[in-house]
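# Inside the fold
The residues making up each chain are set out below.
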Amino acid sequence: MKIEVYETYNSVKEADIRDKLAVVIDVLRATSTIVTSLNNGCREVIPVSDIEEAVDISKNYDREECLLTGERNSLKIEGFDLSNSPAEFTRQVVKGKSVIITTTNGTNAIRQAGSAKDAVIGSLLNAQAVSDYIISKGEDVAFICAGTEGKFSLDDVLGAGAIIDRLDREGIELELDDLAVVAKFLYAKHRDNLEDIMQKARHFNSLKATKYYEDVDYCIKEDIISIVPEYKDGVLK
Ligand code: MLT
């Protein structure tokens, strides 16, 4: 099985993923939030790039049926129901709702994965479940890291490394590209204390400076969720 890791969604071209399973990763925090929301029983998640697009889509729903969510500069968008903090996406809040979400990087990465043969959402929270899903599909994999404002992001590469490590431990024969080798090595070296290496990530430190600092402790938990959201026709279920 061939495994590629793309350091940001900008580095992925349609032809790169047309015949592959894309796994989108934004550990801090978009994919962690989406996995949490679907695990807590929301009906669907609709990832969009722009605030205006999110508001337009919400007009197709009764206001009580949907939640407008997301962030800019890590903070809640004015007039929206929720930010991009997984702590806000509790069962009580999201159950049965359609969640419309726009974030700076993560939702763009998901949209980019729309041209892949199949696309799913990964994070540390559901790393084992994603590894099991990949094995069940048996397709070559392209990890699409969201990155942070067009740059490589340590937290995403560790997330990809966590899943590659699990595939490797299942005895799957893997053909890794260079960044996949780095991701696997980095995760294996730091698996026993992910917080230490995460502290070096730029986005970790910018979140620590906000009221959302506890999200970081949550997003680095491994294998506490066993669902794998699939992205089809613009919707995550
Ligand atoms: C993003 O999509 O850029 C991130 O999820 C930002 C954040 O932490 O809210």
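Everything discussed here concerns the structure shown above.
Below: a short report on this structure.

Tallied over the entire structure, the rule returns 0 aromatic pairs. One residue, Arg29, lies across the ring of Tyr212, its end atom 4.9 Å from the ring centre.

Attention now moves to the site of the ligand. Residues in contact with the ligand, as listed here, are Asp26, Leu28, Arg29, Ala30, Glu71, Asn84, Thr103, Thr104, Asn105, Gly106 and His203. Separating an oxygen atom of the ligand from a side-chain N or O atom of Asn84 is a distance of 2.8 Å. Taken by itself the ligand offers 270 Å² of open surface, and the protein chains cover 98% of this. When atoms are counted within 2 Å of each cavity's grid points, the one that captures over half of the ligand is the largest pocket. Across the shell around the ligand, the residue classes tally to 2 nonpolar, 6 polar and 3 charged.

Inspection of the secondary structure puts Ser58 in helix α3 (residues 51-58). In this structure Ser58 comes out as buried when scored by relative accessible area, which is 7%. Those residues within four positions of Ser58 in sequence are excluded, and the remaining contacts are Cys66, Leu68 and Ile100.

Let us look at the environment of Tyr9. Assignment of secondary structure puts Tyr9 in the loop between β1 (2-6) and α1 (14-17). Tyr9 gets classed as buried once you look at its relative accessible area, which sits at 15%. Sequence-wise, Tyr9 and Gln112 are 103 residues apart; in three dimensions their C-alpha atoms are separated by 6.6 Å. Once residues lying within four places of it in the same chain are set aside, the contact partners of Tyr9 are Thr104, Asn105, Asn108, Ala109, Gln112, Ile144, Cys145 and Ala146.

This part takes up the packing of helix α6 (residues 127-137) against helix α7 (residues 154-169). Any two packed helices are characterised by how steeply their axes cross, that is the angle between the axes, and by the distance between the axes. Between α6 and α7, the least distance of the axes is 9 Å, while the angle of their chain directions is 55°. The orientation of α6 with respect to α7, classified from their angle, is oblique. Where α6 crosses over α7, the handedness of that crossing is right-handed. Note on element contacts: α7 touches α6 through Ala162, Ile163, Arg166 and Leu167, opposite Ala127, Gln128, Val130, Ser131, Ile134 and Ile135.

This part takes up the pairing of strand β3 (residues 44-47). Side chains Glu44 and Ile46 of β3 all project onto a buried face; the interleaved residues Val45 and Pro47 project onto the opposite face, where all are buried too. As defined by bridge partners, β3 adjoins strand β6 (residues 98-102) across 4 bridges and the pair is classed as parallel. Among the inter-strand pairings, Glu44 is bridged to a residue of β6, identified as Ser98.

Next up on the list: the pattern of salt bridges. For the structure shown, the criterion picks out 14 salt bridges. The shortest N-O distance in the salt bridge between Asp215 and Arg29 comes to 2.8 Å. On the criterion of sequence distance, the pair formed by Asp215 in helix α11 (residues 213-219) and Arg29 in the loop between β2 (21-25) and α2 (30-39) is long-range, its members being 186 residues apart. The salt bridge partner of Lys184 is Asp168, with a shortest N-O separation of 3.4 Å. Highlighted residues: Lys184 in helix α8 (residues 178-190) and Asp168 in helix α7, separated in sequence by 16 residues. The exposure class assigned to Lys184 is partly exposed, which follows from its relative accessible area of 23%.

Next up on the list: the layout of surface pockets. Space inside the largest pocket adds up to approximately 250 Å³. Around the largest pocket sit 21 residues that line it, and Ser74, Asn105, Thr148, Glu149 and His203 are the ones nearest its centre. The set of elements that each furnish at least two residues to the lining of the largest pocket consists of α7 and α10 (202-208). Taken together, the residues of the lining of the largest pocket sort by class into 2 nonpolar, 12 polar and 7 charged.

Scoring rules and cut-offs
- Residues numbered from 1 in each chain as written.
- Predicted model: local features only at pLDDT ≥ 70, side-chain atom pairs only at ≥ 80, totals over all residues.
- Heavy atoms only, no water.
- Phe/Tyr/Trp six-rings, centres within 6.5 Å; stacked < 30°, edge-to-face > 60°.
- Lys NZ or Arg CZ within 6 Å of the ring centre and 35° of its normal.
- Near = heavy atom within 4 Å.
- Polar contact = N/O pair within 3.5 Å; in protein donor to acceptor, adjacent residues only side chain to side chain.
- Areas by Shrake-Rupley, 256 points an atom, 1.4 Å probe, with all protein chains shown as cover.
- 1 Å grid on protein atoms, 1.4 Å probe; cavity = no way out; pocket = protein on both sides within 12 Å on 5 of 7 lines; lining within 4 Å.
- Sits in = over half its atoms within 2 Å of the grid points.
- Nonpolar A, V, L, I, M, F, W, Y, C, P; charged D, E, K, R; others polar.
- Helix = DSSP H or I, 4+ residues; strand = E, 2+ residues; numbered from the N terminus.
- Buried < 20%, exposed > 50% of the residue type's maximum accessible area, 1.4 Å probe, protein only.
- Contact = heavy atoms within 4.5 Å.
- Axes fitted to C-alpha atoms, helices over the stretch in contact; angles between N-to-C directions.
- Parallel < 35°, antiparallel > 145°, perpendicular 65-115°, else oblique.
- Left-handed = near helix turned anticlockwise from the far one by under 90°.
- Pairing = 2+ DSSP bridges.
- Salt bridge = Lys/Arg side-chain N within 4 Å of Asp/Glu carboxyl O.
- Points joined across faces, edges and corners; volume = space filled by probe spheres on them.

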